[in-house]
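Listed below, chain by chain, are the residues.
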Amino acid sequence: MIREHAHIVAVEADYLLVSTQLKTGCGSCQQQNTCGAGIISKAFSDRRAEFRIAKPKQGQFRAGEMVELLLPETALTKLSLLLYGTPLAALLGAAVLTTSALQWPEGAVILASLLAFGLSFWSLKRFLKHHDLRVNQLLTIQPVRTSA
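Taking an unreviewed UniProt entry as the reference, the protein is identified by name as Fis family transcriptional regulator belonging to Pseudidiomarina aestuarii.

Colleague: Hey, could you go over the environment of F61 for me, with residue numbers and the actual values?
Modeller: Structurally, the position occupied by F61 is in the loop between β3 (48-54) and β4 (66-71). As a C-alpha pair, F61 and V11 span 50 residues in sequence and 7.2 Å in three-dimensional space. Setting aside chain neighbours within four positions, we find F61 in contact with I8, V11, L16, P56, V67, I141 and P143.

Colleague: With reference to specific residues and values, describe the pairing of strand β2 (residues 15-21).
Modeller: In terms of burial, β2 is a largely internal element, 5 of the 7 residues being buried. Judged from the 4 bridges that link them, strand β1 (residues 2-11) and β2 form a sheet pairing that is antiparallel. Bridge assignment links I8 to a residue of β2, and that residue is V18. Where β1 hands over to β2, the hairpin turn is made up of 3 residues, counted between the paired strands. Relative to β3, β2 runs antiparallel, the two being bridged by 7 bridges. Paired with Y15 across the two strands is A54, which belongs to β3.

Colleague: Any chance you could break down the packing of helix α2 (residues 73-101) against helix α3 (residues 106-130) for me, citing the residues and the numbers?
Modeller: Where α2 contacts α3, the axes come no closer than 8 Å and their chain directions differ by 150 degrees. On the basis of their axis angle, the class for α2 and α3 is roughly antiparallel. Taken as a pair, α2 and α3 cross one another with a handedness that is right-handed. When α2 is examined against α3, the residues L82, L83, T86, P87, L88, A90, L91, A94, A95, T98 and T99 are found in contact with a partner set consisting of V109, A112, S113, L114, A116, F117, S120, F121, L124, F127 and L128. Taken together, the residues that form the contact of α2 with α3 break down as 17 nonpolar, 5 polar and no charged.

Rules used throughout
Within each chain, residue numbers correspond to sequence positions counted from 1 in written order. Local features in this predicted model are restricted to residues of pLDDT 70 or higher, and side-chain atom pairs are both shown and tallied only at a pLDDT of 80 or more, whereas totals for entire chains, interfaces and linings draw on every residue. Side-chain metrics rest on all non-hydrogen atoms present in the structure, leaving aside hydrogens and water. In DSSP terms, a helix is any run of H or I states spanning at least four residues, a strand is any run of E spanning at least two, and both are numbered starting from the N terminus. Note on contacts: a residue pair is in contact if any heavy atoms of the two residues lie within 4.5 Å. Residue exposure (1.4 Å probe, protein chains only): buried if accessible area is under 20% of the type maximum, exposed if over 50%, otherwise partly exposed. Only strands joined by at least two bridges in the DSSP assignment are considered to pair. Between N-to-C directions, angles span 0 to 180 degrees; the directions come from axes that are lines fitted to C-alpha atoms, helices contributing only their stretch in contact. Note on terminology: angles under 35 degrees are roughly parallel, angles over 145 are roughly antiparallel, angles of 65 to 115 are roughly perpendicular, and the others are oblique. Crossing handedness: left-handed means the near helix sits turned counterclockwise from the far one by under a right angle, and right-handed means the same turn made clockwise. Gly falls in the polar group here, along with every residue not listed as nonpolar (Ala, Val, Leu, Ile, Met, Phe, Trp, Tyr, Cys, Pro) or charged (Asp, Glu, Lys, Arg).

Structural data, given as structure tokens:
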């Protein structure tokens, strides 16, 4: 399970508005004070993401509470493959199709490949907009237990 802590910003009838701290890959190596990426990540360190998630049927939630969001690793792997693989497959597929089957000139192949690449992002955006409930259904929410 992938775990992420979030603060509840607001509680609605069927949804929770939660806020999470966006993390960068920097911060764990010894070069973070001298490398450019480390310096940039410190400059933008207070980045937050807010989003709505379905309110669990069980449990009481209040604004200001800390919760833990849990997502199965397999779901993240599948979504990552979809998001990274689809545009790449569209780019390469268009290049192969226009080169081999249609025998277009190089400039037209490049333009067609870039068009297919862009259309794949547009298609993914529309697809994920209508299928967001699946991710919401995979997400588990539980209160963070503080040790006393």
